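Per-entry structural report
So the chains spell out like this:
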Amino acid sequence: QSLNEAEHVADRAFAAGRVHLLQNNAPETHLAMAVDFACTVKNHMATTERRGWLTPIEIAKGIRPSISHLMPFYTTTFVKVPREKRSALIKKGKPLTHAEKGVLVGYMDMFSHVPRVLLENNRIVHSRNSCRGLYQGYELERGPSRTGSE
């Protein structure tokens, strides 16, 4: 049985989500977030000659989207802990902790640059106060970068 055009689009979105999960060894329960991430990236970048080389976001909002903020799915991310919640960390014996480690699972919405970060205990936060991937010569997962000048 062949798929109609809408089913084909949905099938490709879910295929992209499954690839994100497999590449990052993420649990299957994160499939919805992976599909949402794949759709967000596609809306920022996908275009054809038939559409006059406009991206879906350009068509919807009339402005060319920036892709400079896009990072790979499941990138290690650190989110700054709000000042009012640091006292709880001090009680847990972590007085110097000012950030929580999580993974990037998307963005607040299709038009937003604000990352959606999955923290421990399946907590999701949207925070502009986060750093991802390479940061000041350090790869957050692997330690000092060998590519930067040190």
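Everything here concerns the structure above.
This section reports on the structure supplied with the text. (Residues numbered from 1 in each chain as written. Predicted model: local features only at pLDDT ≥ 70, side-chain atom pairs only at ≥ 80, totals over all residues. Heavy atoms only, no water.)

**What about the layout of surface pockets?**
Convention followed: Only protein atoms enter the 1 Å grid, on which a cavity is a set of points fitting a 1.4 Å probe that cannot get out and a pocket is an open set with protein on both sides within 12 Å along at least 5 of 7 lines, lining residues being those with an atom within 4 Å of a point. Grid points are joined across faces, edges and corners, and a volume is the space filled by probe spheres set on the points. Comment: elements are numbered from the N terminus, with helices defined as DSSP H or I runs of at least four residues and strands as E runs of at least two. Charged residues are taken to be Asp, Glu, Lys and Arg, nonpolar residues to be Ala, Val, Leu, Ile, Met, Phe, Trp, Tyr, Cys and Pro, and polar residues to be all remaining types, Gly included.
The space that makes up the largest pocket amounts to roughly 460 Å³. Along its surface, the largest pocket is lined by 16 residues, and Val 9, Arg 12, Lys 42, Ala 46 and Arg 51 are the ones closest to its centre. Of all the elements in the fold, those that place two or more residues in the lining of the largest pocket are helix 1 (5–24) and helix 2 (31–45). Top contributing element to the lining of the largest pocket by residue count: helix 1, with six residues. In terms of residue class, the lining of the largest pocket is made up of seven nonpolar, four polar and five charged. What the second largest pocket holds in volume is close to 270 Å³. Along the walls of the second largest pocket sit 13 residues, with Leu 89, Lys 92, Glu 100, Glu 120 and Arg 123 positioned nearest its centre. Breaking the lining of the second largest pocket down by element, the ones donating at least two residues are helix 4 (86–91) and strand 2 (99–107). When residues of the lining of the second largest pocket are assigned to their parent elements, the largest contribution, three residues, is made by strand 2. Looking at the lining of the second largest pocket residue by residue, the classes come out as five nonpolar, one polar and seven charged.

**Some thoughts on unusual backbone geometry**
In the Ramachandran plot, Trp 53 falls in the positive-phi region, its phi being about 60° despite a non-glycine side chain. Note that Trp 53 resides in the loop between helix 2 and helix 3 (56–61). Here Asn 122, not a glycine, exhibits a phi torsion of approximately 55°, which is positive. By the secondary structure assignment, Asn 122 is in the loop between strand 3 (115–119) and strand 4 (123–126).

**Describing the pattern of salt bridges**
Applied cut-off: Each salt bridge in this description consists of a side-chain nitrogen of Lys or Arg and a carboxyl oxygen of Asp or Glu lying within 4 Å of one another.
If you walk through the whole model with that rule in mind, you get three salt bridges. The salt bridge partner of Asp 36 is Arg 116, with a shortest N-O separation of 3.0 Å. Here Arg 116 lies in strand 3 and Asp 36 lies in helix 2, a separation of 80 residues in the sequence. Measuring nitrogen to oxygen at the nearest pair gives 2.4 Å for the salt bridge that ties Glu 100 to Arg 123.

**A few points about the environment of Arg 18**
Just so we agree on the cut-off: Buried means the residue's accessible area, taken with a 1.4 Å probe over protein chains only, is under 20% of the maximum for its type, while exposed means over 50%, and partly exposed covers the values in between. Contact definition: two residues touch when any of their heavy atoms are within 4.5 Å.
Here Arg 18 lies in helix 1. Overall, the relative accessible area of 39% leaves Arg 18 in the partly exposed class. For the pair Arg 18 and His 30, spaced 12 residues apart in the sequence, the C-alpha separation amounts to 9.5 Å. Sequence-distant contacts of Arg 18, that is, excluding residues within four places in its chain, are made with Asp 11 and Leu 31.

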